[in-house]
Amino acid sequence: ALFNRDTDLLSRSLRDVIIEPQRARLIPYFYEVQQAALGAGALGCSISGAGPSIFALCDRLTTARACGDAMAAVFERAGIAREVFVSLINTTGATCVRQTVGS
């Protein structure tokens, strides 16, 4: 989806109907946060790994910032501490840095 810039496919691939409902029970206000992200323009929003991190993917940096603000606002209203990180997608991929130990 990323390679072909197929945002519809990307959005569909982020819908998890099997594991997300199980893990969502462990994250207070998860569905409210997810709806806030989607309402702010995210392509998708889900739980990162086993949690408790939540991520949203967006097609523009400005949208990503708006989603982060909307997601944080849900937790703020609930009195829950949160941190928001906005970053670009890595277009380089993994790299290896050769390091010599000892001399």
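Notes on the structure follow. (Residues numbered from 1 in each chain as written. Predicted model: local features only at pLDDT ≥ 70, side-chain atom pairs only at ≥ 80, totals over all residues. Heavy atoms only, no water.)

1. Description of the pattern of salt bridges
Alright, step 1. Inspection of every chain in the model, using the stated rule, returns two salt bridges.
Alright, step 2. When the shortest N-O distance is used, the salt bridge between R60 and D59 registers 3.5 Å.
Alright, step 3. We classify R60 as exposed; its relative accessible area is 52%.
Alright, step 4. Its relative accessible area of 44% is what places D59 among the partly exposed residues.
Alright, step 5. Residues R82 and E76 are paired through a salt bridge, measuring 3.5 Å at the closest nitrogen-oxygen approach.
Alright, step 6. When its relative accessible area of 38% is taken as the criterion, R82 is described as partly exposed.
Alright, step 7. A relative accessible area of 51% places E76 in the exposed class. (Salt bridge = Lys/Arg side-chain N within 4 Å of Asp/Glu carboxyl O. Buried < 20%, exposed > 50% of the residue type's maximum accessible area, 1.4 Å probe, protein only.)

2. Regarding the packing of helix 3 (residues 30–39) against helix 4 (residues 61–78)
The packing of two helices is summarised by the inter-axis angle and the distance between the axes.
Alright, step 1. Between helix 3 and helix 4, the shortest axis-to-axis distance is 8 Å and the interhelical angle comes to 155°. As judged from the angle between their axes, helix 3 and helix 4 are roughly antiparallel. For helix 3 against helix 4, the interelement crossing comes out right-handed. Mapping the contact onto sequence places E32, V33, A36 and A37 in helix 3 and C67, A70, M71, V74 and F75 in helix 4.
Alright, step 2. Class assignment for the residues of the contact of helix 3 with helix 4 results in eight nonpolar, no polar and one charged. (Axes fitted to C-alpha atoms, helices over the stretch in contact; angles between N-to-C directions. Helix = DSSP H or I, 4+ residues; strand = E, 2+ residues; numbered from the N terminus. Parallel < 35°, antiparallel > 145°, perpendicular 65-115°, else oblique. Left-handed = near helix turned anticlockwise from the far one by under 90°. Contact = heavy atoms within 4.5 Å. Nonpolar A, V, L, I, M, F, W, Y, C, P; charged D, E, K, R; others polar.)

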